[in-house]
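Inside the fold
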Amino acid sequence: MSSQTAPAPTLSVRPMSERLGAEIRGIDLSAPPDAQAFAAILQTLHRYGVIFFRGQKLSPDQLAAFSRCFGELDIHHMTEHVFPHLPQVRVLSNVKKDGVSIGITKGGMHWHSDLSYKPQPALVTLLYAVECPPTGADTQFADMYAAFADLPEAERKKLQALHAVHDRNYRYSALYPGRPPLTPEQVAKVPPVEHPLVRVHPATGRPALFVAKDVVSHITGMTEGESRALIDKLEAFATRPDRVYSHKWQPGDLVVWDNRCTLHRATPYDPQYRRTLYRTQVRGETPVAMTS
Ligand code: SIN
């Protein structure tokens, strides 16, 4: 062959709905994609908010290598259950070895956007299924672009001027009753932070609601009652079934989501089945408010 460039992989995109979630077929991610293939992947992520690839065979190092295409990887402030040589990759698992869990168990069962309680929340998260139950344990995603766009115009105008306080400690003990409360040192690492209630995605320019009832303690400048009523109403509106994609896992699935325009949550499953996933997170940016 005289051509000096490798042929472009024949990627195909299978949308899960008009607005949220798409499967990308025709690529093996065990080696990072070339620039052209990655541009197509990124474009699909920006279009659908959540993308997934089936049938991948990835070691933790290969997952980290592909994850780095999206940006610099974060090392989570909770440092347990990572690979010793690769702290950027965390293990989620209900499997026990010698009576000790090999990963984080029962995490993220409330709607959230990863690390929203930090000044620079996570950009993109990647989750790779090593083993999973035959049913249950879906990961659900809500479309926060649609949640904003579907509100009446007068309400959109009102919301875009507001700021919300995200607080890791706000409902931590209620969400994780099986875990010890955060230590004062852990709380000090993640003090409450104020973000715009509506953020603009820097790549697409589209506004998205940025709120989750178990992480946002209050809306700045509102009474406690008004604030709680608005937060609860917005999350319920955003997570209506017609704005949600539920990912049904198969071993070898890699799901990638954009935390700037989605919420997600884990769902229950029968604990007799093993569930192990590897996860990476790409470092984010300061959320930007809508200006008009
Ligand atoms: C999470 O990343 O919040 C958990 C997702 C899952 O375990 O399904």
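We now turn to the structure provided with this report.

Cut-offs applied
Residues numbered from 1 in each chain as written. Predicted model: local features only at pLDDT ≥ 70, side-chain atom pairs only at ≥ 80, totals over all residues. Heavy atoms only, no water. Near = heavy atom within 4 Å. Polar contact = N/O pair within 3.5 Å; in protein donor to acceptor, adjacent residues only side chain to side chain. Areas by Shrake-Rupley, 256 points an atom, 1.4 Å probe, with all protein chains shown as cover. Nonpolar A, V, L, I, M, F, W, Y, C, P; charged D, E, K, R; others polar. Pairing = 2+ DSSP bridges. Helix = DSSP H or I, 4+ residues; strand = E, 2+ residues; numbered from the N terminus. Axes fitted to C-alpha atoms, helices over the stretch in contact; angles between N-to-C directions. Buried < 20%, exposed > 50% of the residue type's maximum accessible area, 1.4 Å probe, protein only. Core = buried A, V, L, I, M, F, W, Y, C linked by side-chain atoms within 4.5 Å. Contact = heavy atoms within 4.5 Å. Phe/Tyr/Trp six-rings, centres within 6.5 Å; stacked < 30°, edge-to-face > 60°. Lys NZ or Arg CZ within 6 Å of the ring centre and 35° of its normal.

1. Re the site of the ligand
Contacts to the ligand come from Leu92, Gly107, Gly108, His112, Leu127, Thr139, Trp257, His264, Ala266, Arg275 and Arg279. Contact between the ligand and His112: an oxygen atom at 3.0 Å from a side-chain N or O atom of the residue. Relative to its free-state accessible area of 260 Å², the ligand is covered by the protein chains to the extent of 95%. Partitioned by chemical class, the residues of the shell around the ligand number four nonpolar, five polar and two charged.

2. Brief notes about the sheet that holds strand E17 (residues 262-266)
Spatially, the three strands line up as an open sheet ordered E15-E9-E17, and their pairing is antiparallel. On the outer flanks of this sheet lie strand E15 (244-247) and E17, each paired with one strand and no other. On average, adjacent strands in this sheet sit at an angle of 20° to one another, irrespective of strand direction. As defined by bridge partners, strand E9 (residues 139-143) adjoins E15 across four bridges and the pair is classed as antiparallel. Across the sheet, the residue bridging to Thr139 is His247, located in E15.

3. Observations concerning unusual backbone geometry
Only a minority of non-glycine residues have a phi that is not negative, and only a minority of peptide bonds are not trans. A positive phi is found at Leu115, a non-glycine position, where the angle reads about 55°. Here Leu115 shows up in the loop between strand E7 (100-101) and strand E8 (124-131). Backbone geometry places Ala137, a non-glycine residue, at a positive phi of 65°. Summarising the element assignment, Ala137 is placed in the loop between E8 and E9. The class of Ala137 is buried, set by a relative accessible area of 1%.

4. Focus: the nonpolar core
In this structure, Met144, Leu159, Leu197, Leu209 and Leu234 are the most contacted members of the largest nonpolar core, which totals 30 residues. Contributions of two or more residues to this core are made by helix H3 (144-149), strand E13 (207-209), strand E14 (216-219) and helix H7 (224-238). With residues near it in sequence (within four places) discarded, Leu159 still touches Leu151, Leu197, Val198, Leu209, Leu230 and Leu234. Of all hydrophobic cores here, the second largest spans 27 residues; its members include Phe38, Ile41, Leu45 and Ala64.

5. A word on the environment of Val211
Locating Val211 in the fold gives a position in the loop between E13 and E14. Between the C-alpha atoms of Val211 and Trp111, which are 100 residues apart in sequence, the distance is 9.3 Å. Ignoring anything within four residues of it in the chain, the contact list for Val211 reads Met144, Leu197, Val216, Ile231, Leu234 and Leu263.

6. Some details on the packing of aromatic side chains
With the rule as written, the count across this model stands at nine aromatic pairs. Centre to centre, the rings of Phe141 and Tyr245 are 6.4 Å apart; their planes meet at 15°, and the pair counts as stacked. Remark: Tyr245 occurs in strand E15 and Phe141 occurs in strand E9; sequence separation between them is 104 residues. Both residues of the pair, Phe141 and Tyr245, count as buried. Ring pairing ties together the aromatic residues Phe38, Phe53, Phe66 and Phe70, which thus form one cluster. Between the NZ or CZ atom of Arg179 and the centre of the ring of Tyr176, over which it lies, the distance is 3.8 Å. Cation over ring: Arg199 sits above Phe210, and NZ or CZ is 4.6 Å from the ring centre.

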